[in-house]
Amino acid sequence: YRVYLTQALQLKARRAGCQPATRYKHKDPIFGLDIFLKMGNAMAKNQSLVEHRRRYDTYGHTYEAISLGSRVIFSIHPENLKVVWSKNNTDWGIQPLRLHNMAPFCGTGFITVDGPEWKQSHALLKPAFHKSNISDFTSLEENLRIVFDQIPKDGSKFDLQPWIFKLYLDMNGLFLFGESIGMLSGAPPVHTEGFLDAFQAGFNGCGLRIALGPLNFLMPKGSWLRACKKTHKFADVYVDRALEYREKHHLTQDGQAPPKQYTLLYNMAQQTGNKSVLRDQIVQAMMASTETTGSLISNIVHVLANNPPVFAALRAEVLAVGEEALDFNRLGRMEYLQNVITETLRLYPVFPQNIRVALKDTILPTGGGLGGTAPVFAPAGTLFDTSFAALHRDKNIWGPDADEFRASRWNGGFKPTRFEYMPFGAGLRQCLAQEKATMEASYIITRMLQEFKDIKSEDDRPYQAQVALTAKNANGCLVSLTPAT
Ligand code: HEM
């Protein structure tokens, strides 16, 4: 039957004019253990993005391989990305790859499902990201001041990254559940004890299970399941509060609880009283927000500390703001600042890679044959693995200085297509927090440059991406800062 199936698929591919993409030179062409181990080794050395790029340089924009028995098409060709990430294309998804591997940790939600269930989850989350809910910087300012207080004022060396991550654990707590988890104050609520370690272990376990694919039975499950349980216990504290609130206010006015609208969980609890739905969504939202905006800010500071002319130009723009209020409108009009953020996300994408799976037999428009331009057949179950980090440094798109930080490349109407620059994804699953993340980054960087007249790098190592779901600088953000007054 397998032989028949293979032949039937080959016939289907030939009829559509498809040709195979360049094949990775395997040592183990049957199970593809070699490519799996090589990537594992590169990840352990924080070299996975370098390894991906090296392979694209060797094999071209699209090539294919076998990894742990699955066929994988690796591609950074914008034409292919356009098809796979298209809003109307239901041939590609994520559910068969993620749901069974992640459900014990985070259940059913926008990260784990496709189709109508994804749509429901997306609809529950979306209202909380409305501009009116994300444009008040009062709590951000209060918490940012605590970070500023930690920075040595005598110009001595300081790792800013852990403090930015603490700031974001607290800010995410406020946005997701309406309560800071006390990382900056050093006084976390009692129920958070052990939560961060459990969350990290639960999250990492999901990643490992996905990476191991058919070998995921090799991962010991006991401690992972305990970490999942502890994470649920933490989330349930807030879910129960949101449900109590919903219950208490249920019969007011038109039957809706008055909105505690700035908070994602309370916002969702206006729409559903289902405890497990709320818990799944909030755990998945924690996954999407952990270390994302924090990494972006740490990366911008890394760029500024290593590029004195960029720092000087940006500080001049910040000083020109004077006493004006830093709202969305004013921050959005700071053109150089916006270009610095855009260029930082190009060179150091916080989500550097992504994988989709073919939900049915389908065709990629390009990458096949000797010239690499023929369509490529992808039978159901084929994985599509892309690297935004490699895409964002492709010299065909960005020119010979693709590896250089040049904020001015975004001046004068230069605009890559939606599938050449994808720091926030594209299509249906595009990040709901894009505006929130970029505006908060704008606020923090502006405030920092108001408070400090110089930032110098105290680290001569290059940026080294430590990749889990997201990427952060493995070396932290070692800098020295000079106060403005
Ligand atoms: C610099 C910061 C961030 C970056 C670069 C980023 C990037 C991304 C990317 C690339 C995706 C698409 C994933 C995919 O296609 O599989 C995504 C989705 C998403 N992100 Fe973000 N993200 C950031 C911050 C955040 C934050 C802080 C939150 C929540 C508070 C968040 C919530 C979401 C949600 C809910 C989705 C899924 C949308 C859906 O499927 O409906 N993101 N993000």
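Structural data are supplied above this passage.
Residues numbered from 1 in each chain as written. Predicted model: local features only at pLDDT ≥ 70, side-chain atom pairs only at ≥ 80, totals over all residues. Heavy atoms only, no water.

**Q** Which residues make up the coordination of the iron atom of the ligand, and what values do they have?
**A** There is one protein donor for the iron atom of the ligand, and it is Cys 431 (SG), at 2.3 Å. By secondary structure assignment, the location of Cys 431 is in the loop between helix H19 (395-398) and helix H20 (434-451). (Donors = N, O, S within 2.8 Å, 3.2 Å for Na, K, Ca; no water. Helix = DSSP H or I, 4+ residues; strand = E, 2+ residues; numbered from the N terminus.)

**Q** Describe the site of the ligand, listing the residues and the values that go with them.
**A** Taken together, 25 residues are adjacent to the ligand, and Trp 118, His 122, Asn 354, Arg 356 and Cys 431 come closest. Between the ligand and Trp 118 there is a distance of 2.9 Å, counted from an oxygen atom to a side-chain nitrogen or oxygen. Within the contact set of the ligand, an oxygen atom lies 2.9 Å away from a side-chain nitrogen or oxygen of Arg 356. Elements represented by at least two residues in the shell around the ligand include exactly helix H6 (115-125), helix H13 (275-289), helix H14 (292-306) and strand S6 (353-358). (Near = heavy atom within 4 Å. Polar contact = N/O pair within 3.5 Å; in protein donor to acceptor, adjacent residues only side chain to side chain.)

**Q** Got a sec to walk through unusual backbone geometry? Specific residues and values, please.
**A** The phi dihedral of Asn 46 is positive, around 55°, even though this residue is not glycine. Checked against the element boundaries, Asn 46 lands in the loop between helix H2 (33-44) and helix H3 (48-59). Residue class for Asn 46 comes out buried when judged on its relative accessible area of 19%. (Buried < 20%, exposed > 50% of the residue type's maximum accessible area, 1.4 Å probe, protein only.)

**Q** How would you sum up the sheet that holds strand S1 (residues 22-23)? Please name residues and give values.
**A** Strand order in this open sheet of six strands is S1-S2-S3-S9-S6-S4, and the pairing throughout is mixed. If you trace the sheet from one side to the other, it starts and ends with S1 and strand S4 (92-93), each paired once. Taken together, the two bridges between S4 and S6 define a ladder with antiparallel strand orientation. For Trp 92, the partnering residue across the bridge sits in S6 and is Ala 358. Each of S1, strand S2 (62-67), strand S3 (70-75), S6 and strand S9 (383-387) is contacted by H3, which is oriented at about 105° to S9, the strand it contacts most. Of the strands in this sheet, S4, S6 and S9 touch helix H5 (residues 95-106), which is tilted by about 105° from S6. (Pairing = 2+ DSSP bridges. Contact = heavy atoms within 4.5 Å. Axes fitted to C-alpha atoms, helices over the stretch in contact; angles between N-to-C directions.)

**Q** Kindly report on the packing of aromatic side chains, identifying the contributing residues and their values.
**A** Under the counting rule described, the total for this entry stands at 23 aromatic pairs. Relative to Phe 203, the ring of Phe 199 lies with its centre 5.7 Å away and its plane at 65°, an arrangement referred to as edge-to-face. Linking Phe 199 with Phe 203, this pair stays in helix H10 (residues 195-212), spanning four residues, or about one helical turn. Exposure remark for Phe 199: the relative accessible area of 3% places this residue in the buried category. Members of the aromatic cluster, connected to one another through ring pairs, are Phe 105, Phe 177, Phe 195, Phe 199, Phe 203, Phe 234 and Tyr 238. Stacked on the ring of Phe 74, the Lys or Arg Arg 55 has its end atom at 5.4 Å from the ring centre. It is Lys 166 that lies over the ring of Trp 163; its NZ or CZ is 4.2 Å from the centre. (Phe/Tyr/Trp six-rings, centres within 6.5 Å; stacked < 30°, edge-to-face > 60°. Lys NZ or Arg CZ within 6 Å of the ring centre and 35° of its normal.)

**Q** Describe a positive patch on the surface, naming the residues involved and giving the relevant values.
**A** Taken together, the side chains of Lys 82, Lys 87, Lys 126 and Arg 418 define a basic patch exposed on the protein surface. Mapping Lys 82 onto the fold places it in helix H4 (residues 78-84). (Patch = residues over 30% accessible without salt bridge, like charges linked within 9 Å, V, L, I, M, F, W, Y side chains within 5 Å. Areas by Shrake-Rupley, 256 points an atom, 1.4 Å probe, with all protein chains shown as cover. Salt bridge = Lys/Arg side-chain N within 4 Å of Asp/Glu carboxyl O. Lys, Arg positive; Asp, Glu negative; His and termini not counted. Charge placed at Lys NZ, Arg CZ, Asp CG, Glu CD.)

**Q** Now, about the side chain of Thr 386: what can you tell me, with residues and values included?
**A** Structurally, Thr 386 is set in strand S9. According to the relative accessible area criterion, Thr 386 is buried, its value standing at 0%. A distance of 2.7 Å separates a polar side-chain atom of Thr 386 from the backbone oxygen of Ser 75. Other than its neighbours up to four places away in sequence, Thr 386 contacts Tyr 56, Ser 75, Ile 76, Leu 81, Trp 85, Pro 352, Gln 353 and Asn 354.

**Q** Which residues make up the pairing of S9, and what values do they have?
**A** Judged by how many residues are buried, S9 sits mostly within the fold: five of five residues are covered. Neither face of S9 is open: one carries Leu 383, Asp 385 and Ser 387, the other Phe 384 and Thr 386, and all of them are buried. In this sheet, S9 lies alongside S3 in parallel orientation, the contact comprising three bridges. Residue pairing in the sheet places Ile 73 in a bridge with Phe 384 of S9.

**Q** Go over the side chain of Thr 438 with me, naming the residues and quoting the values.
**A** By the secondary structure assignment, Thr 438 is in helix H20. Judged by relative accessible area, Thr 438 falls into the buried class, the value being 14%. A polar atom in the side chain of Thr 438 sits 3.4 Å from the backbone oxygen of Glu 435. Ignoring anything within four residues of it in the chain, the contact list for Thr 438 reads Ile 341 and Phe 424.

**Q** Explain the sheet that holds strand S5 (residues 158-159) to me, using residue names and the numbers behind them.
**A** If you walk across this open sheet you meet the three strands as S5-S13-S10, and the pairing is antiparallel. The open sheet has two free edges, formed respectively by S5 and strand S10 (452-457), since each of these has just one partner strand. In terms of strand pairing, S5 meets strand S13 (residues 478-483) through two bridges, oriented antiparallel. Within the sheet, the bridge partner assigned to Phe 158 lies in S13 and is Val 479. With respect to the sheet, H20 is in contact with S10 and S13, its orientation differing from that of S10 by roughly 105°.

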